[in-house]
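Listed below are the residues making up each chain.
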Amino acid sequence: MAYLLGVVVLVVGVLVSIGLHELGHMIPAKRFGVRVSQYMVGFGPTLWSRTKGETEYGLKAIPLGGYVRLVGMYPTAQAVGDPPARTVFGKVAAQAREASAEEILPGEDHRAFYRLSTPKKVIVMLGGPFVNLLIAIVLLTVVISGFGLAGSSTTLTAVNQCVIPAGADATRECTDADELAPGAAAGLEPGDRVVSYDGVEITSWEQLSSLIQQTGATPVPIVVERDGDEVATTVTPVVAERPVYEDGVPKATADGEPVTHEVGFLGIRPGTELQTQPISTVPGVVGDAVAQTAGVVVNLPARVADVARSAFGSAERDESTIISVVGVGRFAGEIASTEAEGYGPAERVASMLALLASLNIALFVFNLIPLLPLDGGHVVGALWEGARRQVARLRGRARPGPFDTARLVPLAYGVFVLLAGMGALLIYADVVKPVTLG
């Protein structure tokens, strides 16, 4: 039931995101005078609809998208000089113009979308994606500054019983010949929360770790909280050689030998907890997420090829692979149902909100791809139209008519087929070789 609940929460979250995305298109379109005949969430058969004013609002059976029908998306044949339809592509474009013109009521040509100025067209088409970005920002703000991000706590989750010699199996049982680890020798136990170390109040694991490393083999007083009481003891860290890192990479000498330094350690491991962050960290997190998603989109053909090799071959799927709505649903189910120490209701809610935020960032970036039928394709068409008009103005020529975006409809059909094929491949791969949260 928990797994199913997670999937239901995801579906509802996706539907809300889609609905708000379409509102991002509809509200400015209506504000600019465009007639909006339909506002639909989902595709396929209509489950429910209601007409209010001049717009039909409804919910369809397949919750994999949505749309708003803006009247007059393509210029009429008369507006673009009634071009002849000699080729197959020309006939497809002519049919698109005709279908678009049929939606324009008599005397309302001025309310057609194609009549809008370039800035207004761009605002209408970018309204949807930027609503998704806003949703992601709000959700990540709640996660980061409300629930917090998972980080190392000052509560111990494990205390090693012995010092494992370098090169030995770290999972083996301790022997009488092994040296007792400093933390265990001092009587530290899992569940202890470190209050102070060497007289310094401890507020973070990073602070404690740094102090331990700097201590050397000197006896140091340590205070921990155990079952509500403070327990004082003394620990003597063991000194060990550790590599020196620079920008996440181990440093080496000119001869290739690793650069090391001596640090102290106790043989203790921290637990994890949600740690709230200031709101000022949100823009950086959002920016990194958008950049990473954009990198995936740029390399989408290669990513799809990797998925195909995994789905139809013996290669394992990479953890950073792209997934379909089926894979995302599995993640949601696992978030809701996985039982793990330290992973309670707060962690589940934060993880679900982060998942919905990542989906909205994906919708934002993906819809900016400059190809029809995506929003980015309409933006490019509007910008091209505006550029032509500006060039004509600078040259003192007559203002050109609207750009004939109907000519791009055959391309839009091709992109749609490719996207449908990619979606089918990803769904198949998520069924036969699923990716899990581990």
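Residues numbered from 1 in each chain as written. Predicted model: local features only at pLDDT ≥ 70, side-chain atom pairs only at ≥ 80, totals over all residues. Heavy atoms only, no water.

A. Looking closely at the packing of helix 3 (residues 118–147) against helix 10 (residues 375–394). Where helix 3 meets helix 10, the axes come as close as 9 Å, and the angle between the chain directions of the two elements is 165°. Classified by the angle their axes make, helix 3 and helix 10 are roughly antiparallel. Judged by the sense of rotation from one axis to the other, the crossing of helix 3 with helix 10 is left-handed. Contact with helix 3, carried on its side by Thr118, Lys121, Val122, Met125, Leu126 and Pro129, involves Asp375, His378, Val379, Ala382, Leu383, Glu385 and Gly386 of helix 10 and no other residues of that element. Split by residue class, the contact of helix 3 with helix 10 holds 7 nonpolar, 3 polar and 3 charged. (Axes fitted to C-alpha atoms, helices over the stretch in contact; angles between N-to-C directions. Helix = DSSP H or I, 4+ residues; strand = E, 2+ residues; numbered from the N terminus. Parallel < 35°, antiparallel > 145°, perpendicular 65-115°, else oblique. Left-handed = near helix turned anticlockwise from the far one by under 90°. Contact = heavy atoms within 4.5 Å. Nonpolar A, V, L, I, M, F, W, Y, C, P; charged D, E, K, R; others polar.)

B. Fine view of the side chain of Thr215. Relative to the helices and strands, Thr215 is located in helix 5 (residues 205–215). Using a relative accessible area of 17% as the deciding quantity, one classes Thr215 as buried. There is a polar contact of 2.6 Å between the side chain of Thr215 and the backbone oxygen of Leu211. The residues contacting Thr215, other than those within four sequence positions of it, are Tyr197, Val220 and Pro237. (Buried < 20%, exposed > 50% of the residue type's maximum accessible area, 1.4 Å probe, protein only. Polar contact = N/O pair within 3.5 Å; in protein donor to acceptor, adjacent residues only side chain to side chain.)

C. The packing of helix 8 (residues 325–337) against helix 9 (residues 345–367), seen in detail. Between helix 8 and helix 9, whose axes approach to 9 Å, the crossing angle comes to 165°. Viewed along their axes, helix 8 and helix 9 adopt a mutual orientation that is roughly antiparallel. Relative to helix 9, helix 8 is oriented so that their crossing is left-handed. Contacts between helix 8 and helix 9 pair Val328, Phe331, Ala332, Ile335, Ala336 and Ser337 from the former with Arg348, Ser351, Met352, Leu355 and Leu359 from the latter.

D. Highlighting the nonpolar core. In this structure, Leu10, Leu139, Leu140 and Leu355 are the most contacted members of the largest nonpolar core, which totals 27 residues. Residue assignment for this core shows that the elements contributing at least two residues are helix 3, helix 6 (282–298), helix 8 and helix 9. Ranked by residues supplied to this core, first place goes to helix 9 with 9 residues. Ala186, Trp205, Leu266 and Ile268 belong to the second largest nonpolar core, which has 17 residues in total. (Core = buried A, V, L, I, M, F, W, Y, C linked by side-chain atoms within 4.5 Å.)

E. Representation of helix 8 within the structure. Counted at 1.5 Å a residue, the expected span for helix 8 with its 13 residues is 18 Å, and the 18 Å between its end C-alpha atoms agrees. By the criterion of burial, helix 8 is predominantly enclosed, with 10 of the 13 residues buried. Turning to helix 8, its buried residues are Gly327, Val328, Gly329, Arg330, Phe331, Ala332, Gly333, Glu334, Ile335 and Ala336. Buried positions along helix 8 lie against helix 1 (2–31), helix 9 and helix 11 (409–432). (Expected span 1.5 Å × (residues − 1).)

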